[in-house]
Amino acid sequence: MAAADQTARPMIEIVDLHKSFGSHTVLSGINLKVPQGSTLVILGGSGSGKTVMMKHMIGLLKPDQGQVIIDGDDIVPYGAVQLEQLRKKFGMVFQAAALFDSMTVYQNVAFPVLEHRKELSEAKVRALVKEKLAVVGLSGIEERYPADLSGGMRKRVGLARAIMLEPKIVLYDEPTTGLDPITTDSVDQMILDAKRHLGVTSVVISHDIASAFKVADNVAFLSQGVIVEQGTPAQLRHSTNPALRAYLSTWFDLERRS
Ligand SMILES: Nc1ncnc2c1ncn2[C@@H]1O[C@H](COP(=O)(O)OP(=O)(O)O)[C@@H](O)[C@H]1O
Ligand SMILES: [Mg+2]
């Protein structure tokens, strides 16, 4: 995959971000830029602060220090009303697809527009749901229930819902954790398709290095509260950073043996 154009305007920029919970310092000086239309994958061990970092991007957490610049604006000083506006720029896909089991696919996907765009007619909502399901490659499943779908299909329905409000940015927190290899491939493809068809800027948290290298324009490796390495997948493979090498070697060993 071609490297992202690092000169493109950053859609997300984090400057010297610090965050502690009590005496536990999680992030101690994060700097990061995500160019518009590119995909950044955040790698790091369990508990290294990946989710905490992502939560700062949508203002779910406030930093102790630093800036979080989204689409040109520092969101750190934002109050509740501004944050609600900001969140319309984001779509989010979490580990558990978090669909409502008692609702049909149609009702699940329509949910954000029924909440935020009450002025739309039912026919318009139907048309939008149909369009978004087509984008994720799942036409005609409106009347099915989440329980009848495979894990990969549920993820796709989750993405269809996340893009209903036409976000500029899509955040994925461990979208492939717990999935079998074939479903993992289909979710990776979904992330690539969403980028290509929607032109969105994406941030993906992953612990799956194969997936990470497949979908990323850039990869950032988080360790000990800082981003110790950041670059294209090819650059990361050749990194001399000891923490990153240790992290990658576990995976390369497994791959060699399989
Ligand atoms: N709201 C919170 N209050 C206190 N500690 C938290 C909170 N959220 C996260 N942490 C701690 O911050 C660290 C990083 O968490 P997290 O970002 O979820 O890790 P991961 O890299 O696995 O996503 C963990 O030690 C976690 O316990
Ligand atoms: Mg996490």
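The structure under discussion appears in the preceding block.
Read on for a plain summary of the structure. Keep in mind that what you see is a predicted model, and the values were worked out from it rather than measured.

### Considerations on the overall build of the protein chain
At step 1: Assigned secondary structure in the protein chain consists of nine helices and ten strands.
At step 2: Computed over its C-alpha atoms, the radius of gyration of the protein chain comes to 18 Å, within 12% of the 18 Å expected for a compact globule of 258 residues.
At step 3: Each principal axis of the C-alpha distribution contributes one length, and for the protein chain these read about 55 × 50 × 35 Å.
At step 4: Across the 258 residues that make up the protein chain, the buried fraction comes to 50%.
At step 5: Sequence separation of 24 or more characterises 66% of the internal contacts of the protein chain that already satisfy a separation of 6 or more.

### Some remarks on the site of ligand 1
At step 1: With respect to spatial proximity, the complete set of residues near ligand 1 consists of Phe 21, His 24, Val 26, Gly 45, Ser 46, Gly 47, Ser 48, Gly 49, Lys 50, Thr 51 and Val 52.
At step 2: Residue Gly 49 places a main-chain N or O atom 3.0 Å away from an oxygen atom belonging to ligand 1.
At step 3: Backbone polar atom of Val 52 to an oxygen atom of ligand 1: 2.9 Å apart, as the coordinates give it.
At step 4: For ligand 1, whose unbound accessible area comes to 560 Å², protein coverage reaches 58%.
At step 5: Those elements giving two or more residues to the shell around ligand 1 turn out to be strand E2 (24–35) and helix H1 (50–57).
At step 6: Element by element, the count of residues in the shell around ligand 1 is highest for H1, at three residues.
At step 7: Residue composition of the shell around ligand 1, by class: three nonpolar, seven polar and one charged.

### Some remarks on the sheet that holds strand E7 (residues 169–173)
At step 1: On the basis of which strands lie adjacent, the open sheet formed by six strands has the order E6-E7-E8-E3-E9-E10 and mixed pairing. Because the sheet does not close on itself, it has two edges, and the strands there are strand E6 (90–93) and strand E10 (226–231). Put simply, the sheet's adjacent strands are angled 20° from each other on average, direction ignored.
At step 2: Sheet topology note: the E7/strand E8 (residues 201–205) ladder contains five bridges and is parallel. Directly across from Tyr 172, in E8, lies its bridge partner Val 204.
At step 3: Packed on one face of the sheet, helix H5 (residues 151–162) meets E6 and E7 and runs near 165° to E6.

### A look at the nonpolar core
At step 1: Judged by nonpolar contacts, the single largest core of 45 residues is most densely connected at Leu 43, Leu 159 and Tyr 172.
At step 2: Filtering out sequence-adjacent residues up to four positions away, Leu 43 remains in contact with Lys 50, Ser 206, Ile 209, Ala 212, Phe 213, Val 219, Ala 220, Phe 221, Leu 222 and Tyr 247.
At step 3: Residues Leu 32, Met 54, Ala 220 and Ile 227 belong to the second largest nonpolar core, which totals 32 residues.

### Structural notes on the pattern of salt bridges
At step 1: If you walk through the whole model with that rule in mind, you get twelve salt bridges.
At step 2: For Lys 132, the salt bridge identified is with Glu 131, shortest N-O distance 3.1 Å.
At step 3: Here Lys 214 and Asp 185 are joined by a salt bridge, their closest N and O atoms 2.7 Å apart. Residue Lys 214 is located in helix H7 (residues 209–215), and its partner Asp 185 is located in helix H6 (residues 181–198); the two are separated by 29 residues in the primary sequence.
At step 4: With relative accessibility at 39%, the residue Lys 214 sits in the partly exposed group.
At step 5: Classification of Asp 185 as partly exposed rests on a relative accessible area of 42%.

Calculation rules
- Residues numbered from 1 in each chain as written.
- Chains lettered and ligands numbered in written order.
- Predicted model: local features only at pLDDT ≥ 70, side-chain atom pairs only at ≥ 80, totals over all residues.
- Heavy atoms only, no water.
- Helix = DSSP H or I, 4+ residues; strand = E, 2+ residues; numbered from the N terminus.
- Rg over C-alpha atoms; globule rule 2.2 N^0.38 Å.
- Buried < 20%, exposed > 50% of the residue type's maximum accessible area, 1.4 Å probe, protein only.
- Contact = heavy atoms within 4.5 Å.
- Near = heavy atom within 4 Å.
- Polar contact = N/O pair within 3.5 Å; in protein donor to acceptor, adjacent residues only side chain to side chain.
- Areas by Shrake-Rupley, 256 points an atom, 1.4 Å probe, with all protein chains shown as cover.
- Nonpolar A, V, L, I, M, F, W, Y, C, P; charged D, E, K, R; others polar.
- Pairing = 2+ DSSP bridges.
- Axes fitted to C-alpha atoms, helices over the stretch in contact; angles between N-to-C directions.
- Core = buried A, V, L, I, M, F, W, Y, C linked by side-chain atoms within 4.5 Å.
- Salt bridge = Lys/Arg side-chain N within 4 Å of Asp/Glu carboxyl O.

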